[in-house]
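So the chains spell out like this:
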Amino acid sequence: MKYELFVGLLFLLSQNNFAQRCTTVSSTVESKIYSNTPNLRHGSISIPIVFHIVYNDEDQNISDNRILSQIEVLNSIFDPVQLKLDESIPEEFRYLAENPKIHFCLASYDPLGNSTTGIVRKKTNISNIACKKQGTRQYIMDEKLGGSKIWDPQQYLNIFVGQRDDCPFAEAVFPELATDTNDGIIVDPRFVGINHKNFPYHRGYTIVHEVGHYLGLHHLTESKTEGDCTKDDMVDDTPLQSVNYFDCPSYPQISCERSSMFMNYMSLVDDDCMALFTKGQVSRMQNQIGVYRPYFLFYSCDKTDASYLDQLIIKAENNYWIIADKFDREWFANMSLFNMQGQLVWEGANEGHVFKFVANELHNFTAGIYFLEVRWKSERKIFKIALTNY
Ligand SMILES: [Zn+2]
């Protein structure tokens, strides 16, 4: 009798835990998948982040150091120098662990091109602003509703930090459901970066998990019924399971007649017990970036100021796109043209004063937005080109 009561209590605690850890707008529609994988010739994809700290007391106005520690945590998992393959991952899953090769940095330019720290701080009078919504519109992403203005979500990962005392601690929107008024991650300030006071969510893995959602990953199951093995996460190499795991389960745990990968970052366990993304999850994230967030394929966190290629300008003239050096010097570079899906559609090079994209060279392409990548040595520059029919 006593034993049953104990189990019941644990179950209740766990349910509560699930509700508080993370919430996503659920999606029953499978995302559009292109067969190509995005262009990864530069080694890793770079994603610039803007943190919006929307606080209504000084405790919520977290320090720059906490934010910087979150960037370090993200890079240690999404772009590690060496993939961690120790006993934190059971041997049967170790061969599935993969390096996502996605690098994060604080944005160095704002949407108007001005230099920035990538951290916006705003005081608000609204308590629990990070829980408040009007339809799909998030208060915290909207200046008129007391929040901070969202930066172009095609170009930046917006992370909004604000009080969430009466809703789950964090949330993210899947890429296919993102709009200009809801795209990004919302998180309570206690869950940002390394914060020992916030045990067992002290390592900054809440945002790692939310970034997983932001790049198209689901929980390992969305099943609410033990034994229901039909709610797959649309990734082949994560084992089916019908229950979500919490706290720090002992290994092994069996669900749907298989050993569960409860130590996955998309699980709901404590920070200390999370350990891997799989090859399948990594290819899904990279694919979803190509489909829904193609701008990131062309961004570089390593961009240096006043580089050789920064002197290049582009202008339209009749049926030509002309690229030239601002000071009319000779320039040398390799070029690649990509469509919005990140597919390479043309490659070429320039050696001289100007380069002309001649109309008849482009007549094979449909009208739309293209990205021209210009490369010289370790530098690169991206031009966005709108191609119209002619
Ligand atoms: Zn989640």
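Per chain, residue numbering runs from 1 following the sequence as it is written. Per-residue local features are limited, in this predicted model, to residues with pLDDT of at least 70; the limit for side-chain atom pairs, both in listing and counting, is 80 or more; totals at the level of whole chains, interfaces and linings are taken over all residues.

A.B. asks: Looking at this model, I keep getting lost on the overall build of the chain. Mind explaining?
C.D. replies: Each helix and strand counted, the chain has six helices and 18 strands in total. Exposure classes come from backbone-placed C-beta atoms, where a residue is buried if 20 or more other C-beta atoms lie within 10 Å of its own, exposed if 12 or fewer do, and partly exposed in between. Evaluated residue by residue, the chain yields a buried proportion of 38% over its 390 residues. Residues are treated as contacting if the C-beta atoms built from their backbones sit within 7 Å of each other. Counting only contacts in the chain whose residues sit at least 6 apart along the sequence, the fraction spanning at least 24 positions is 66%. Each helix corresponds to a stretch of at least 4 residues labelled H or I by DSSP, and each strand to a stretch of at least 2 residues labelled E; elements are numbered beginning at the N terminus.

A.B. asks: Whenever I open this one, unusual backbone geometry confuses me. Can you help?
C.D. replies: Keep in mind that most residues, glycine aside, have a negative phi and that most peptide bonds are trans. Of the consecutive residues Phe199 and Pro200, the connecting peptide bond is found in the cis state with omega at 5°. Mapped onto the secondary structure, Pro200 falls in the loop between strand S9 (185-187) and helix H4 (205-214). A cis amide bond, omega -5°, links Tyr251 with the succeeding residue Pro252. Mapping Pro252 onto the fold places it in the loop between H4 and strand S10 (254-255). A positive phi is found at Met234, a non-glycine position, where the angle reads about 65°.

A.B. asks: What am I meant to see in the packing of helix H2 (residues 64-78) against H4 here?
C.D. replies: Angle between the axes and distance between the axes are the two parameters that describe a pair of packed helices. H4 packs onto H2 with a crossing angle of 60° between their chain directions and a minimal axis gap of 9 Å. On the basis of their axis angle, the class for H2 and H4 is oblique. Once H2 is placed against H4, the crossing between them reads as right-handed. Residues Gln70, Val73, Leu74 and Ile77 of H2 pack against Ile207, Val208 and Val211 of H4. Under the scheme applied here, ten amino acids are nonpolar (Ala, Val, Leu, Ile, Met, Phe, Trp, Tyr, Cys and Pro), four are charged (Asp, Glu, Lys and Arg), and all others, including Gly, are polar. A breakdown of the residues in the contact of H2 with H4 according to their chemical character gives six nonpolar, one polar and no charged. Angles run from 0 to 180 degrees between N-to-C directions of axes, and those axes are lines fitted to C-alpha atoms, restricted for helices to the stretch in contact. Angle categories: roughly parallel below 35 degrees, roughly antiparallel above 145, roughly perpendicular from 65 to 115, and oblique for all the rest. Crossing handedness: left-handed means the near helix sits turned counterclockwise from the far one by under a right angle, and right-handed means the same turn made clockwise.

A.B. asks: Where do I start with the confidence of the model for the chain in this structure?
C.D. replies: Values of pLDDT, which run from 0 to 100, indicate the predictor's confidence residue by residue. Averaged over all residues, the pLDDT of the chain is 83; the fraction at 70 or higher stands at 84%. Long-range and interchain partners of residues 1-19, a stretch whose pLDDT sits below 50, account for six contacts in this model, where long-range means more than four residues apart. Low pLDDT, under 50, characterises residues 27-42; the stretch is placed with 31 contacts to residues that sit more than four places away or in other chains.

A.B. asks: Just to check I follow, could you spell out the nonpolar core for this structure?
C.D. replies: When a protein is soluble and globular, its nonpolar side chains tend to lie buried together. By convention in this section, buried Ala, Val, Leu, Ile, Met, Phe, Trp, Tyr and Cys residues joined through C-beta atoms within 7 Å make up a nonpolar core. Counting 70 residues, the largest nonpolar core has Ile49, Leu74, Ile159, Val161, Ile185 and Val187 as its most contacted members. Counting only elements with at least two residues in this core, the list comes to strand S2 (45-55), H2, strand S3 (102-106), strand S7 (157-161), strand S8 (170-172), S9, H4 and helix H5 (279-292). With seven residues, S2 is the single largest residue contributor to this core. In contact with Val187, other than residues within four places in its own chain, are Ile159, Val161, Phe169, Ala170, Val192, Thr206, Ile207 and Glu210. Counting eight residues, the second largest nonpolar core, distinct from the first, contains Trp331, Ala333, Met335 and Phe338.

A.B. asks: Would you mind showing me how to read the sheet that holds strand S16 (residues 354-357) here?
C.D. replies: In a beta sheet, neighbouring strands pair by backbone hydrogen bonds and run either parallel or antiparallel. Taken together, three strands build an open sheet; the order of strands is S12-S13-S16 and the sheet is antiparallel. Both edges of this open sheet fall to strand S12 (312-317) and S16, since each of them pairs with a single strand only. With strand direction ignored, the average angle separating the axes of adjacent strands in the sheet is 20°. Here the rule is simple: two strands pair whenever DSSP picks up at least two bridges between them. Note that strand S13 (residues 320-325) and S16 share four bridges and pair antiparallel. Residue pairing for S16: Trp321 is matched across the bridge by Phe357.

A.B. asks: Honestly, the environment of Phe296 in this entry has me stumped. Any pointers?
C.D. replies: Tracing the chain through its elements places Phe296 in the loop between H5 and S12. Those residues within four positions of Phe296 in sequence are excluded, and the remaining contacts are Ile45, Ser46, Ile47 and Ile289.

A.B. asks: Mind showing me how you'd approach the environment of Ile126 here?
C.D. replies: Secondary-structure assignment places Ile126 in the loop between strand S4 (119-123) and strand S5 (133-134). Put simply, Ile126 and Gln163 are 37 residues apart on the chain and 9.4 Å apart in space, counted from C-alpha to C-alpha. Not counting chain neighbours up to four residues away, the residues in contact with Ile126 comprise Asn56, Lys132, Tyr139 and Gly146.

A.B. asks: Quick question: what am I supposed to make of the sheet that holds strand S17 (residues 368-376) here?
C.D. replies: Read across the open sheet, the four strands follow the order S15-S14-S17-S18; overall the sheet is antiparallel. Single-partner strands in this sheet number two, and they are strand S15 (344-352) and strand S18 (379-387). Here the average twist between neighbouring strands, direction ignored, is 20°.

A.B. asks: Just to check I follow, could you spell out H5 for this structure?
C.D. replies: Quick reminder: α-helices carry 3.6 residues per turn. Residues three or four places apart thus point the same way. A helix is expected to span 1.5 Å multiplied by its residue count minus one. End to end, H5 covers 20 Å across 14 residues, agreeing with the expected 20 Å (1.5 Å per residue, within 8%). Most of H5 is tucked away: 11 of the 14 residues are buried. Each element contacted by the buried residues of H5 is listed here: S2 and S3.

A.B. asks: Honestly, the pairing of S17 in this entry has me stumped. Any pointers?
C.D. replies: Along any regular strand, the residues point their side chains to alternate faces of the sheet. Relative to S17, strand S14 (residues 331-339) runs antiparallel, the two being bridged by six bridges. Bridged to Phe338 within S17 is Phe371. As defined by bridge partners, S17 adjoins S18 across nine bridges and the pair is classed as antiparallel. Looking across to S18, one finds that Val374 is bridged to Lys381.

A.B. asks: Hey, could you run me through the pairing of S2 in this one?
C.D. replies: For S2, a buried count of nine out of 11 residues is recorded, marking the element as mostly surrounded by other parts of the structure. Two elements, S2 and S3, share five bridges in a ladder whose sense is parallel. Across the sheet, Pro48 pairs through a bridge with Cys105, a residue of S3. Both S2 and S7 contribute to a ladder of five bridges, which runs parallel. Residue Ile49 lies in a different strand from S7, and its bridge partner there is Leu157. As paired elements, S2 and S4 share five bridges and run parallel to each other. Bridge pairing in S4 links Tyr55 to Lys123.

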